[in-house]
Amino acid sequence: MENFVEIQNVSKVIKGRKIIDSLSFEVKSGEVFGFLGPNGAGKTTTIRMIAGLIGITSGDIQILGSSVKTNFEEAIQHVGAIVENPEMYKFMSGYQNLVHFGRMSKGVTKEKIMETVEFVGLKDRIHDKVKTYSLGMRQRLGLAQCLLHDPKILILDEPTNGLDPSGIREIRDHIRKLAREKGMAVIVSSHLLSEMEMMCDRIGIIQQGKLVDVQLVHDVIQTGEKQFELEAEPANAAVELLKQQYPESSIALSDKNISIVILKEEVPNIISMLVQNDIKIYGLKEVSKTLEDRFLEITAKKGE
Amino acid sequence: MLNLLKNEWMKIFKRAGTYVMIGLLLFFVTVMAAFIKYQESGGTVPDNSDWQRGIEMQNETLTKELEEYGDTFTPEMRHSYESDIAIGEYRLEHNISPNDSYSVWSFVQDASFVIEFVGMFSIIIAAGIVASEFNWGTIKLLLIRPIRREKILLSKYVTVVLFSLMLLALLFSYSAILGGILFGTPGEVSPYLRYQDGQVIETSMFVHLLTYYGLNSINLFMLTTMAFMISAAFRNSSLAIGLSLFLMFMGGTVTSLVAMRYDWAKYILFANTDLMQYLDGSPLIAGMTMGFSVIMLIIYFLLFQFIAFYTFKKRDVAA
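Just so you know, these numbers come straight off a predicted model, no measurement behind them.

Conventions and cut-offs
- Residues numbered from 1 in each chain as written.
- Chains lettered and ligands numbered in written order.
- Predicted model: local features only at pLDDT ≥ 70, side-chain atom pairs only at ≥ 80, totals over all residues.
- Heavy atoms only, no water.
- Patch = residues over 30% accessible without salt bridge, like charges linked within 9 Å, V, L, I, M, F, W, Y side chains within 5 Å.
- Areas by Shrake-Rupley, 256 points an atom, 1.4 Å probe, with all protein chains shown as cover.
- Salt bridge = Lys/Arg side-chain N within 4 Å of Asp/Glu carboxyl O.
- Helix = DSSP H or I, 4+ residues; strand = E, 2+ residues; numbered from the N terminus.
- Axes fitted to C-alpha atoms, helices over the stretch in contact; angles between N-to-C directions.
- Parallel < 35°, antiparallel > 145°, perpendicular 65-115°, else oblique.
- Left-handed = near helix turned anticlockwise from the far one by under 90°.
- Contact = heavy atoms within 4.5 Å.
- Nonpolar A, V, L, I, M, F, W, Y, C, P; charged D, E, K, R; others polar.
- Phe/Tyr/Trp six-rings, centres within 6.5 Å; stacked < 30°, edge-to-face > 60°.
- Buried < 20%, exposed > 50% of the residue type's maximum accessible area, 1.4 Å probe, protein only.
- Lys NZ or Arg CZ within 6 Å of the ring centre and 35° of its normal.
- Pairing = 2+ DSSP bridges.
- Expected span 1.5 Å × (residues − 1).
- Bend = angle between axes of the 7 residues up to and from the residue.
- Polar contact = N/O pair within 3.5 Å; in protein donor to acceptor, adjacent residues only side chain to side chain.
- Buried area = accessible area lost by both parts, 1.4 Å probe.

Student: When you look at a nonpolar patch on the surface in this model, what are you seeing that I'm missing?
Tutor: Taken together, Val20(B), Leu24(B), Phe27(B) and Val31(B) make up a surface patch of nonpolar side chains, about 350 Å² in accessible area. Along the chain, Phe27(B) falls in helix H2 (residues 16-42).

In structure tokens, the structure reads:
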């Protein structure tokens, strides 16, 4: 697959302080790249550098082979972006806003505008003033604004910020659809880790201006052993038995729940063993390790 | 570029404030017209037959005063006396009556003080056009288009200039139309007389009014450019409006105070914005010429534009 965006050894110095330190990564066609990091790590700064809002101190950013630094117009014409909340002209209608931004790119027709409006599902309200829109509608208008000129790269800074669950889901579906069907390269930053898990193919973790880790989402979450939660009676007896059987696993009891970390293949053995020992089993479920846990693990480790 | 101008124009005219400004402008002119009309119908038309005698008498007194107290006069006073006498003589010679009845042209001239308001409104638009984009947060969406920043800023400046030209044209044509309806168009327009370099020069009233508008607009134009510069450099529309309006009303006064004492006052912007001083009266500081002022104005203009474009181009949009 082709690299649509290449960040090459980029640094940013503001007032003598290195905000971004030799950052390098690339995003391929059809890929959703998540940008993850604690507040102040430099996510937004990086995204703004890609979009040309902030100058680059050293290094370069190539978009489809054109440098943002030296060939801004050529590079940025393939980019659609929402940087933080999509602020629109509130005194104009949604349609007028789209006409306004459409005029700034080449070849955006009226038909294209209406097509985009339909895609984001704003058809009924598009001629109302933006100040009457809900946050979700503004976000959808923001998405429409950055899709007008058929960009090959989509940059979304905190796209789900302040949205309700259905709004979040809607944006997520749109992003996945755009990456799959149109082969766009999408760069997303978010502080909602569970969101990233569902949206992204690859996640880069940034900390103090450095890229700490880039991993496939699948890898981030997958590790051999998993945590299970078991509800059984009598609980104490169950714990005793489990400890005898699996002395090297970590087993803990809280209230009535027993938590145990173990390979998935062992689960049937546990159940049959407990049943044979006359222990009543009310439930057993997998506690999936979230991205958040992994994220905290990684950042804590590298931060030392 | 045309698309960018259309965008800026659309953003100006989609806001209610713009219509309030235009409405106020027309309202001022209308109120003034009504007031003058009311006064005129109350008074009597001056008797035109004996005007030659009046001017002769006036000139005699003026000449006498000039001879007697001339030595104690300031150069400005001396100039004004000489100018009045010369114009009086010219009137007698060419049979041009000063007692012209009030007509459309007199009204256009009287209404031209409203140019100050055009200046005020232009400053408000110029101050907001860049700073507002930062306030609204829309600057982010504006700068991620495949258009260079210089071009975006240029389109905004051109829009500001077009807007103030539109207001000026509106003011001129509205006061001409209203004056024409209320005070009538005279069959023969008496020319405008002015005294320059020891000579009386005759220009048609229409040309005079256009020149008057044009020269008065220079102050407006420079202050608007300054407001634009502050707006682009500091992203603060209140500062731009406040400072520009303050200088618009106080700049001239402060400069003439400085000019009484120091010679370097001639390098201050406001010593040079009033080009009328070279046509009608004596310059603020002896030795200043039209050419000097024009060069100073160009230097200030380029300085303002350089600051505006340089800071706008380099700015990191982080807010």
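On we go from here.
Student: What am I meant to see in the packing of helix H9 (residues 235-245) of chain A against helix H10 (residues 267-276) of chain A here?
Tutor: The geometry of a pair of packed helices is captured by two quantities: the angle between their axes and the separation between those axes. All names here are of chain A. Following both chains from N to C, one finds H9 and H10 inclined at 130°, their axes separated by 11 Å at the closest point. As judged from the angle between their axes, H9 and H10 are oblique. The interaxial crossing formed by H9 with H10 has right-handed handedness. For the pair H9 and H10, contact is made by Ala238, Leu241, Leu242 and Gln245 and by Ile270, Met273 and Leu274, respectively. For the contact of H9 with H10, the per-class residue count stands at 6 nonpolar, 1 polar and no charged.

Student: How should I be thinking about the pattern of salt bridges in this particular structure?
Tutor: Note that side chains of opposite charge can pair when their charged atoms are close. Throughout the structure, instances matching the rule amount to 18 salt bridges over all chains. Where Lys210(A) meets Asp21(A), a salt bridge forms, and the shortest distance between an N and an O atom there is 3.8 Å. Linking Lys210(A) in strand S10 (residues 210-216) with Asp21(A) in strand S2 (residues 17-28), this pair joins segments that are 189 residues apart in sequence. As a salt-bridge pair, Lys156(B) and Glu8(B) come within 2.9 Å of each other at their nearest N and O atoms. A residue pair is termed long-range when its members are at least 10 positions apart, and Lys156(B) in helix H8 (residues 149-183) and Glu8(B) in helix H1 (residues 2-13) qualify at 148 residues. Each of the salt bridges in this network shares a partner with another, and the network as a whole consists of Glu8(B), Lys11(B), Glu133(B) and Lys156(B).

Student: Just checking my understanding: could you explain the packing of aromatic side chains for this structure?
Tutor: Here a ring pair, both rings aromatic, is described through the centre-centre distance and the interplanar angle of the planes. Evaluation of the coordinates by the stated rule reveals 21 aromatic pairs over all chains. A ring pair is formed by Phe25(A) and Phe35(A), whose centres lie 5.4 Å apart and whose planes are at 40°; its orientation type is tilted. With Phe25(A) in strand S2 and Phe35(A) in strand S3 (residues 32-36), the pair connects residues that are 10 residues apart, well separated along the chain. A single burial state applies to Phe25(A) and to Phe35(A), both of which are buried. A connected cluster of aromatic rings, assembled from ring pairs, spans Tyr89(A), Phe91(A), Phe101(A) and Trp136(B). Lying across the ring of Phe119(A), Lys182(A) places its NZ or CZ 5.8 Å from the centre. Geometry around Phe292(B) places Lys266(B) over its ring, the cationic atom sitting 5.7 Å from the centre.

Student: Sorry, what's going on with the sheet that holds strand S6 (residues 79-82) of chain A here?
Tutor: Residue and element names in this part refer to chain A. Spatial ordering of the open sheet is given by S6-S7-S8-S3-S9-S10, a layout of 6 strands whose pairing is mixed. Each of the sheet's edge strands pairs with one partner strand only, and the pair in question is S6 and S10. Strand-to-strand, the axes of this sheet are offset by a mean angle of 15°, without reference to chain direction. Here strand S7 (residues 153-157) pairs with strand S8 (residues 185-189) via 5 bridges, running parallel. What sits directly across from Leu154, in S8, is Val186. Where helix H5 (residues 135-147) meets the sheet, it contacts S6 and S7, and its direction lies at approximately 165° from that of S6.

Student: What is the right way to read helix H10 (residues 237-261) of chain B from this model?
Tutor: Given 3.6 residues per helical turn, the α-helix brings residues three or four places apart onto the same face. Residue and element names in this part refer to chain B. The first and last C-alpha atoms of H10 sit 34 Å apart over 25 residues, in line with the 36 Å expected at 1.5 Å per residue. Where H10 bends most, at Met250, the angle is about 50°. Against helix H6 (115-136), helix H9 (205-234) and helix H11 (269-272) lie the buried residues of H10. Where H10 begins, the capping side chain belongs to Asn236, and its oxygen is found 3.1 Å from the backbone nitrogen of Ser238.

Student: What should I look at first to understand the interface of chain A and chain B in this one?
Tutor: Reports of interface size often rely on the accessible area that becomes lost once the parts have come together. Across the boundary between the two partners, chain A contributes 28 residues, which contact 28 residues of chain B. Carbon and sulfur atoms supply 60% of the area that chain A and chain B bury against each other, a total of about 2,800 Å² over both sides. On the chain A side of the contact with chain B, Leu53(A), Arg103(A) and Met104(A) bury the most area, a combined 27% of that side's loss. Our count for the chain A to chain B interface comes out at 1 salt bridge. Measuring nitrogen to oxygen at the nearest pair gives 2.8 Å for the salt bridge that ties Lys12(A) to Asp316(B). Counting the contacts that link chain A with chain B gives 13 residue pairs in polar contact (both at pLDDT 80 or more).

Student: I'm lost on the sheet that holds strand S13 (residues 257-262) of chain A in this one. Help?
Tutor: Within a beta sheet, neighbouring strands are joined by backbone hydrogen bonds and run either parallel or antiparallel to one another. Residues and elements named next belong to chain A. Strand order in the open sheet formed by 4 strands is S12-S13-S11-S14, with antiparallel pairing between adjacent strands. With one partner strand each, in any of the chains shown, strand S12 (251-254) and strand S14 (280-287) form the two edges of the open sheet. On average, adjacent strands in this sheet sit at an angle of 25° to one another, irrespective of strand direction. Of the pairings in the sheet, the one linking strand S11 (residues 226-233) to S14 comprises 7 bridges and is antiparallel in character. Each residue of the ladder has a partner; that of Ala232, found in S14, is Ile281. Packing against the sheet, H10 makes contact with S11, S13 and S14, and its axis sits at approximately 165° to S14.

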